[in-house]
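Summary of structural features
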Amino acid sequence: AIRASSGFGETEMAGAFNRRPEIGWMMDHLTVDDLHARMGGPSFLDLEDLISREDDPESQIRLIKLIPKFGGSTDFLIEKARDANLEIRLAAIEVMGGVRSDEVRRELMVCLEGKEWQVRARAALSLSGHGKAESVRDIAPLLLDKDWRVQLNAAVALKRLGPAGHSILRFMSRKSGSPQARRMFAQALGLPER
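Calculation rules
Residues numbered from 1 in each chain as written. Predicted model: local features only at pLDDT ≥ 70, side-chain atom pairs only at ≥ 80, totals over all residues. Heavy atoms only, no water. Helix = DSSP H or I, 4+ residues; strand = E, 2+ residues; numbered from the N terminus. Buried < 20%, exposed > 50% of the residue type's maximum accessible area, 1.4 Å probe, protein only. Contact = heavy atoms within 4.5 Å. Areas by Shrake-Rupley, 256 points an atom, 1.4 Å probe, with all protein chains shown as cover. Patch = residues over 30% accessible without salt bridge, like charges linked within 9 Å, V, L, I, M, F, W, Y side chains within 5 Å. Salt bridge = Lys/Arg side-chain N within 4 Å of Asp/Glu carboxyl O. Lys, Arg positive; Asp, Glu negative; His and termini not counted. Charge placed at Lys NZ, Arg CZ, Asp CG, Glu CD. Axes fitted to C-alpha atoms, helices over the stretch in contact; angles between N-to-C directions. Parallel < 35°, antiparallel > 145°, perpendicular 65-115°, else oblique. Left-handed = near helix turned anticlockwise from the far one by under 90°. Nonpolar A, V, L, I, M, F, W, Y, C, P; charged D, E, K, R; others polar. pLDDT = per-residue confidence, 0-100. Core = buried A, V, L, I, M, F, W, Y, C linked by side-chain atoms within 4.5 Å.

1. Observations concerning the overall build of the protein
Helix and strand content of the protein: 14 helices and 0 strands. When the helices and strands of the protein are listed from N to C terminus, the series reads α-α-α-α-α-α-α-α-α-α-α-α-α-α. Per-residue burial for the protein yields a buried fraction of 47% across its 194 residues. For the protein, the proportion of contacts with a sequence separation of at least 24, taken over those separated by at least 6, is 54%. Split by element, the accessible area of the protein, about 10,100 Å² in all, is 50% carbon and sulfur.

What follows is the structure in C-alpha cells.
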C-alpha cells in the first residue's frame, strides 16, 4: 500500500524504510486496511516482489521481517532460508518461527543440520516457537553439537517446549560428559549447578 501510494520504485522504497522509521511504526501498529485508508492505494503489499528486486541485504532483512504481517507465502520464506547470504537466511529462519505450517516446520528441521552454527542455533529457537512437543526429538540432538552456542540455543528451545524438553535437559544436566555442558543445561532449566 505504501509503495503503491508513494510512487517509489523498489530501491527507493527500501531506502524509505531506512530513512523514515515512522513507516515501520505504522506497519507495526496498523492493519493493511488501515494503511490503505490512510495512504490510498491497494490493500495489499507485494513484499515478495520488492524483496526479490532489492540488492541491499540489510533492506532485504528488514522487509523479510514484515512478511508475516502481510500474509507472505511460506514458499518465499523457505526460498530465503536457502539464500546464499547468511544474514538473509537467518532473518528468514527467525520469521519462520512465527509462521505455523507443515512446510515451514519441515524446512526448519532441515536447517537444524545446517553447516553454520548460527543456522542450527536459530532453527532450534524458531522450531520451538511452533510449540509442538514432537519438536523435542528434532532439537535434542543439538545438545551434543560441537559448538557450545548451538547447545545453549537448543537448551533454551527445549525449555520452551515444556515437560518433555525439561526432562531431557534434566537428564543432560546430570549425564553430559562435559562439566561445562552440565552447568549450561542446569542453568537453562534454572536448576542448581551439579
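2. Observations concerning a negative patch on the surface
Negative charge collects at one region of the surface, where Asp75, Glu79, Asp102 and Glu103 lie side by side. Elements with a minimum of two residues in the negative patch: helix 7 (74-80) and helix 9 (102-111). Inspection of the secondary structure assignment puts Glu79 in helix 7.

3. Here's the deal with the packing of helix 12 (residues 148-160) against helix 14 (residues 179-189)
For the pair helix 12 and helix 14, the least separation of the axes is 9 Å and the interaxial angle reads 30°. The pairing of helix 12 with helix 14 is recorded here as roughly parallel in orientation. Along this stretch, helix 12 crosses helix 14, giving a crossing that reads as right-handed. The segment helix 12 lies against helix 14, with Trp148, Gln151, Leu152, Ala155 and Lys159 engaging Ala181, Met184, Phe185, Ala188 and Leu189. Partitioned by chemical class, the residues of the contact of helix 12 with helix 14 number 8 nonpolar, 1 polar and 1 charged.

4. A word on the confidence of the model for the protein
Summary statistics for the protein give a mean pLDDT of 80 and a share of 68% for residues scoring 70 or more. By mean pLDDT, helix 1 (residues 2-6) is the weakest element of the protein at 46, and helix 10 (residues 117-129) is the strongest at 97. Long-range and interchain partners of residues 40-45, a stretch whose pLDDT sits below 50, account for 16 contacts in this model, where long-range means more than four residues apart.

5. Examining the packing of helix 13 (residues 163-175) against helix 14
Their axes nearest at 7 Å, the elements helix 13 and helix 14 cross at an angle of 145°. Crossing of helix 13 against helix 14: the hand is left-handed. Taken together, the residues of helix 14 that come into contact with helix 13 (itself represented by His166, Leu169, Arg170, Met172, Ser173, Arg174 and Lys175) are Arg182, Phe185, Ala186 and Leu189. In terms of residue class, the contact of helix 13 with helix 14 is built from 5 nonpolar, 2 polar and 4 charged.

6. Overview of the nonpolar core
The biggest cluster of nonpolar side chains holds 42 residues, and the ones touching the most others in it are Ile139, Leu143 and Phe185. The element best represented in this core is helix 8 (residues 86-96), accounting for 7 residues. The residues touching Phe185, leaving out its near neighbours within four places in the chain, are Leu143, Gln151, Ala155, Leu169, Met172, Ser173 and Ser176.

7. Points about helix 14
Along an α-helix, a turn takes 3.6 residues, which lines up residues three or four apart on a common side. Taken together, the buried positions of helix 14 are Ala181, Met184, Phe185, Ala186, Ala188 and Leu189. Buried positions along helix 14 lie against helix 12 and helix 13. Gly190, located one to two residues past helix 14, shows a positive phi value of around 80°.

8. A short note on the environment of Trp148
Looking at where Trp148 falls in the secondary structure, it is placed in helix 12. Sequence separation between Trp148 and Ala181 is 33 residues; the distance between their C-alpha atoms is 7.8 Å.

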